[in-house]
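# Observations on the model geometry
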Amino acid sequence: MAGARKPLAGVRVIDFSTLLPGPMATLILAEAGAEVIKLERPGSGEDMRAYPPMVTEDSGVNFALLNRGKRSLAVDLKDPAAVEQVKALIKDADVLVEQFRPGVMDRLGLGYEAVRALNPALVYCSITGFGQTGPKANLAAHDLNYMSETGILNLGADSRGDPVLPPVLVADIGGGTMPAVISILLALREAEKTGEGAFLDVAMADNLFAWGYWALGERAAGKGDPKPGGELVTGGTPRYQVYRCADGRWLACAPLEPKFWANFCEVINLDPALRDDSMDPAATMAEVRAIIASRTSADWLAAFEGVDACVTLVKSISEAADDPHFQQRGLFAGAMQAGGTAMTPLPPPIAPIYRDPEGGQSFPALGDANTDLMPDLRKE
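Notes on the structure follow. Quick caveat: nothing in here was measured; it's all calculated off a predicted structure.

Here we take up helix α3 (residues 80–91). The end-to-end C-alpha distance of α3 is 16 Å, a good match for the 16 Å that 12 residues give at a rise of 1.5 Å each. All buried positions along α3 are accounted for by Ala82, Val83, Val86, Leu89 and Ile90. Buried residues of α3 fall within an arc of 110 degrees about the axis and therefore sit on the same side. Pointing more than 90 degrees away from the buried face of α3 are the exposed residues Pro80 and Lys91.

Moving on, we get to the sheet that holds strand β2 (residues 35–40). With parallel pairing, the six strands of this open sheet are ordered in space as β3-β2-β1-β4-β5-β6. The open sheet terminates on both sides in strands that have one partner only, identified here as β3 (71–74) and β6 (198–203). Direction aside, neighbouring strands of the sheet carry axes that sit 20 degrees apart on average. With six bridges joining them, strand β5 (residues 123–128) and β6 adopt parallel strand pairing.

Before going further, it helps to examine helix α11 (residues 258–268). Residues three or four positions apart in an α-helix share a direction because the helix packs 3.6 residues into each turn. By the burial criterion, the buried members of α11 are Phe260, Trp261, Phe264, Cys265 and Ile268. Down the axis of α11, the buried side of the element spans an arc of 135 degrees, and every buried residue falls inside it. Across from the buried face of α11, at angles greater than 90 degrees, the exposed residues are Pro258, Lys259 and Glu266. Those residues of α11 that are buried lie in contact with β8 (250–253), α12 (281–292), α13 (297–304) and β9 (311–313). Two residues or fewer past α11, asparagine 269 is found with a positive phi of approximately 60 degrees.

Quick notes on the rules
- Sequence positions are assigned chain by chain, starting from 1 and proceeding in written order.
- Residues qualify for local features only when their pLDDT is at least 70, as the model is predicted, and side-chain atom pairs are given and counted only at 80 or more; totals for whole chains, interfaces and linings, by contrast, use all residues.
- Remark: hydrogens and water are excluded; side-chain values derive from all non-hydrogen atoms of the structure.
- Only DSSP runs of H or I covering at least 4 residues are called helices, and only runs of E covering at least 2 are called strands; the numbering of each starts at the N terminus.
- Expected helix span is taken as 1.5 Å per residue step, with the number of steps being one fewer than the number of residues.
- Working definition: with a 1.4 Å probe on protein chains only, accessible area under 20% of the residue-type maximum means buried, over 50% means exposed, and in between means partly exposed.
- Read the arc as the range of directions from the helix axis to the C-beta atoms.
- Strands are treated as partners if at least two bridges between them are detected by DSSP.
- All axes here are fitted lines through C-alpha atoms, helices being fitted over the stretch that makes contact, and every angle between N-to-C directions spans 0 to 180 degrees.
- In what follows, residue pairs with any heavy atoms lying within 4.5 Å of each other are defined as contacts.

Function-wise, these values are silent; they only describe arrangement.
Pasting the structure below:
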């Protein structure tokens, strides 16, 4: 691919967000061609710059990965003169993204109604944990808390009812980043047609409920709450399990459909009396576990080669990133500079035609756009 398409070229984004949800959203917009101007505190910048491991003297790898291709303005938002210059930028912007608690932007004089008067076509996206309204609107929380408050954490409880710590940040990315990007693109499309912008109240907790659609379905059908460790995708069937092999590696086995289950049973030579797992799921599961544990992961992968049975090896992050499939698709082919050292950029979760195949843009130095965009403000 010679180059990526840039459908958002000419779109200017003013980004007040920090940490993960907002910065990943604006990373996607930047990858698609938008000019993203990131506002940061003078002196230290946003908090993520200090998160280890460090790749430069003053920036961590998390900041580098999430802020590639953006520009940085070091601005003291408590300074009225600085706020007025920020307003001048907003007047010509297309999108504003912020991630403060409800009311903070209003107190700064940068709330939606204030800036809408300057720019009626502005798409103003506010990302919070619980939204702009409601009893929990100002509750301090993180990803784990949003998952617990929406019942999602309980869906992953084991058979004893003990919740398991999620290894990925579903609320931040699945409840914040993705809905924010989708909503921004919808609002931009509407603004193109009507000239009117929009205020987008993106609440991470609200958006998590879609991830538990099947559990809500159980409830709606009158079956009550799912049993911990006892439902189709939470451990209640031998057809959706992680099984340990003789060498200590694990196989992820998901032969849910009858044809996949039949193939799976044939490969492991499961006793025909146990193949109807509706009779005694626990007995079938115990026998499958014993059979898988009798051979190494390499043996099983060879046995399942070319068989449609939905069986894969549980890999480490390094094994996954080095997998020939993902390498061939170019997910980790690009390089970006970080303190003079080349590092692999984060593959943004968008279609390949919108990804920069080189990934060459670096993350911004603190205040690198001050001279260009705000010449009257000094970098501190």
